[in-house]
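Architecture at a glance
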Amino acid sequence: MENKVRFAVIGTEGIGRSHIEGILRNENASLAAICDVDEPAVRARAESLGLPTYYTDYKDMLRAGGFDCVVICTPDSFHKDQCVDSLNAGCHVICEKPLAMRIDECEAIIAAARASGKHFMVGQVCRKTPAFALMKAMVDRGDIGELFYVESEYAHDYSILGRGEWRKDPSYIRHPVVGGGCHAMDLLRWIAGDPTEVFAYANHKMLPDWPIDDCTISVLKYPNGVIGKVLTSIGCKRPYTMRTQLFGSKGTILGDNKSPYITLFTPCINEKGKHSFKEEQIPIDINHHNMAAEISDMCDIILGKMPLEIDVIEGANTVAVCLAAVESAECGLPVKPHYFG
Ligand SMILES: NC(=O)c1ccc[n+]([C@@H]2O[C@H](COP(=O)([O-])OP(=O)(O)OC[C@H]3O[C@@H](n4cnc5c(N)ncnc54)[C@H](O)[C@@H]3O)[C@@H](O)[C@H]2O)c1
């Protein structure tokens, strides 16, 4: 392998654009190939990037080769086959979240990743969102003492989707808790550990023409007696947000993916000698689509400079928690996630 990690991107016109930008901006990376089923779009993209060729079938691209890592930015229904085929072609992979929609798809990807020995990163990008990374670091270093309650959300309005119509395709049900709620579920798993049990209620009031519930509230039990909750709404009437609160024995942290600061509350004695709370606003960069960090990490992982954190098992276990919430809302009982070892 040359010094630079050579990337190929499948799905160039949506979130794939952020990955391409991340590759172009990274001195350890080069963009070797792109593929999209939208021929006019991918042709124009190749021209603007100065690439001599482009592909409309990812299998042709894999056969041609000439890259080390494939970045999969296609609708979720394509993830399983594109991941497995890319691994079988001897490539490392970054797959956009969610890893997949179903347990059997996760199992197929895990098996292929293990057989290949290649690095497989799942794009749970909230772990690279500066606000959330700082909140996690503060918890880990004990700034708020012992956690007892955590909450997050994925609140979006999909009634104005534009190009993402595949999200409501009835032939491949994309449950919002797995498709989008996986961001919040993954964030809390990262901070509080693997939930042991989930209970959920769901309704279907905001997007009646969609084939699936559009709002789910999940209540979760985490290790060490921590409890938590995740809201997933894809029909809410407000701008996209992931408001997140972490409650500990010595303080509370509030943050989200769109604000220029996070807030830390800690108990104090005020100037009148009374019990009060100190409120600190800690400035932060807003970057909720930090694909550049994923590309940078993958370069370092492939070049042997850092270990892989968000591996295929991490991605699959986040899917497992989301699916447990979906099952609970359907059956009306608490459900234990089916974790992958
Ligand atoms: N990490 C994040 O914050 C984030 C944000 C948005 C989307 N996503 C994920 O990224 C993936 C893509 O979502 P999007 O919003 O970019 O969708 P999109 O529809 O905007 O873009 C998908 C692109 O893939 C192309 N495509 C579709 N099928 C293909 C195929 N079989 N082969 C090659 N190209 C194909 C489409 O033409 C399109 O250009 C999904 O898994 C989604 O969950 C992640």
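Quick caveat: nothing in here was measured; it's all calculated off a predicted structure.

1. A short note on the site of the ligand
- Inspection of the region around the ligand gives 26 residues, with Gly 11, Glu 13, Gly 14, Ile 15 and Glu 96 positioned closest.
- When grouped by side-chain class, the residues that make up the shell around the ligand number ten nonpolar, nine polar and seven charged.
- Here the shell around the ligand spans two domains, since at least three of its residues come from each of domain 1 (5–124 + 290–310) and domain 2 (127–287 + 319–331).

2. As for the domain arrangement of the protein
- Its domain assignment divides the protein into domain 1 (5–124 + 290–310) and domain 2 (127–287 + 319–331).
- Between the C-alpha centres of domain 1 and domain 2 the distance comes to 27 Å.
- Residue-level contacts link 16 residues of domain 1 with 15 residues of domain 2.
- Here the side of domain 1 that touches domain 2 is composed, by residue class, of nine nonpolar, four polar and three charged.

3. Side note on helix H6 (residues 130–140)
- For H6, the full list of buried residues reads Ala 131, Phe 132, Met 135, Met 138 and Val 139. Buried residues in H6, looked at end-on, bunch into an arc of 120 degrees, giving them a common side. Exposed residues lying more than 90 degrees from the buried face of H6 are Ala 137 and Asp 140.
- Gly 142, located one to two residues past H6, shows a positive phi value of around 85 degrees.

4. Points about the packing of helix H8 (residues 182–192) against helix H10 (residues 312–331)
- As a packed pair, H8 and H10 sit with axes 9 Å apart at the nearest point and diverge in direction by 115 degrees. The angle between H8 and H10 falls in the class roughly perpendicular. Crossing of H8 against H10: the hand is right-handed. Contact residues: H8 offers Cys 182, Met 185, Asp 186 and Arg 189, while H10 offers Asn 317, Thr 318, Val 319, Val 321 and Cys 322.
- Each residue belonging to the contact of H8 with H10 can be placed in one class, and the counts come to five nonpolar, two polar and two charged.

5. As for the packing of helix H1 (residues 16–25) against helix H9 (residues 291–302)
- Contact geometry of H1 with H9 gives a least axis separation of 8 Å together with a crossing angle of 50 degrees. By the criterion of interaxial angle, the relationship of H1 to H9 is oblique. Of the two elements, H1 crosses H9, and the hand of that crossing is right-handed. Residues Ser 18, His 19, Glu 21, Gly 22, Ile 23 and Arg 25 of H1 form the contact with H9, whose participating residues are Met 291, Ala 292, Glu 294 and Ile 295.
- Grouping the constituent residues of the contact of H1 with H9 by class yields four nonpolar, three polar and three charged.

6. Description of the pairing of strand S11 (residues 252–255)
- Side chains of S11 alternate between two faces, with Ile 253 and Gly 255 buried and Thr 252 and Leu 254 left unburied.
- Pairing analysis gives four bridges linking strand S10 (residues 244–248) to S11, with the strands arranged antiparallel. Paired with Leu 246 across the two strands is Ile 253, which belongs to S11.
- From the end of S10 to the start of S11, which pair antiparallel, there are three residues.
- Between S11 and strand S12 (residues 261–269), which pair antiparallel in sequence order, lie five residues.

7. A word on the nonpolar core
- Core analysis: the largest hydrophobic core is formed by 97 residues, its most contacted members being Phe 7, Cys 69, Val 93, Val 319 and Cys 322.
- Both domain 1 (5–124 + 290–310) and domain 2 (127–287 + 319–331) contribute no fewer than three residues apiece to this core.
- Aside from chain neighbours lying at most four places away, what touches Val 93 is Cys 69, Val 70, Ile 72, Cys 83, Ser 86, Leu 87, Lys 118 and Phe 120.

8. Observations concerning the sheet that holds strand S5 (residues 120–123)
- The strand order across the open sheet built from five strands is S2-S1-S3-S4-S5, with neighbouring strands paired in parallel fashion. The sheet terminates laterally at strand S2 (29–35) and S5, the two strands that pair on one side only. Between one strand axis and the next, the sheet turns through 20 degrees on average, direction left out of account.
- Where strand S1 (residues 5–10) meets S2, six bridges bridge the pair, whose relative direction is parallel. When the bridges of S2 are listed, Val 9 appears paired with Ile 34.
- Of the strands in this sheet, S1, S2, strand S3 (69–72), strand S4 (92–96) and S5 touch H9, which is tilted by about 160 degrees from S4.

9. What about the environment of His 204?
- As for its placement among the helices and strands, His 204 is situated in the loop between strand S7 (197–203) and strand S8 (215–221).
- When the C-alpha atoms of His 204 and Ile 262 are compared, they prove to be 32 Å apart, with 58 residues separating the residues in sequence.
- With residues up to four places along the chain from it excluded, the contact list for His 204 reads Asp 213 and Asp 214.

10. Overview of the sheet that holds S12
- Strand order in the open sheet formed by eight strands is S7-S8-S9-S6-S10-S11-S12-S13, with mixed pairing between adjacent strands. Only two strands of the sheet have a single partner each, and these edge strands are S7 and strand S13 (275–283). Neighbouring strand axes in the sheet, compared pairwise and without regard to direction, differ in orientation by 10 degrees on average.
- Across the sheet, H6 lies against strand S6 (147–155), S10, S11, S12 and S13, angled at about 170 degrees from S11, the strand it touches most.
- Each of S6, strand S9 (227–233) and S10 is contacted by H8, which is oriented at about 160 degrees to S6, the strand it contacts most.

How each quantity is defined
Residues numbered from 1 in each chain as written. Predicted model: local features only at pLDDT ≥ 70, side-chain atom pairs only at ≥ 80, totals over all residues. Near = placed C-beta within 6 Å. Nonpolar A, V, L, I, M, F, W, Y, C, P; charged D, E, K, R; others polar. Domains from an automatic or database assignment. Contact = placed C-beta atoms within 7 Å. Buried ≥ 20, exposed ≤ 12 C-beta atoms within 10 Å, placed from the backbone. Helix = DSSP H or I, 4+ residues; strand = E, 2+ residues; numbered from the N terminus. Arc of directions from axis to C-beta. Axes fitted to C-alpha atoms, helices over the stretch in contact; angles between N-to-C directions. Parallel < 35°, antiparallel > 145°, perpendicular 65-115°, else oblique. Left-handed = near helix turned anticlockwise from the far one by under 90°. Pairing = 2+ DSSP bridges. Core = buried A, V, L, I, M, F, W, Y, C linked by C-beta atoms within 7 Å.

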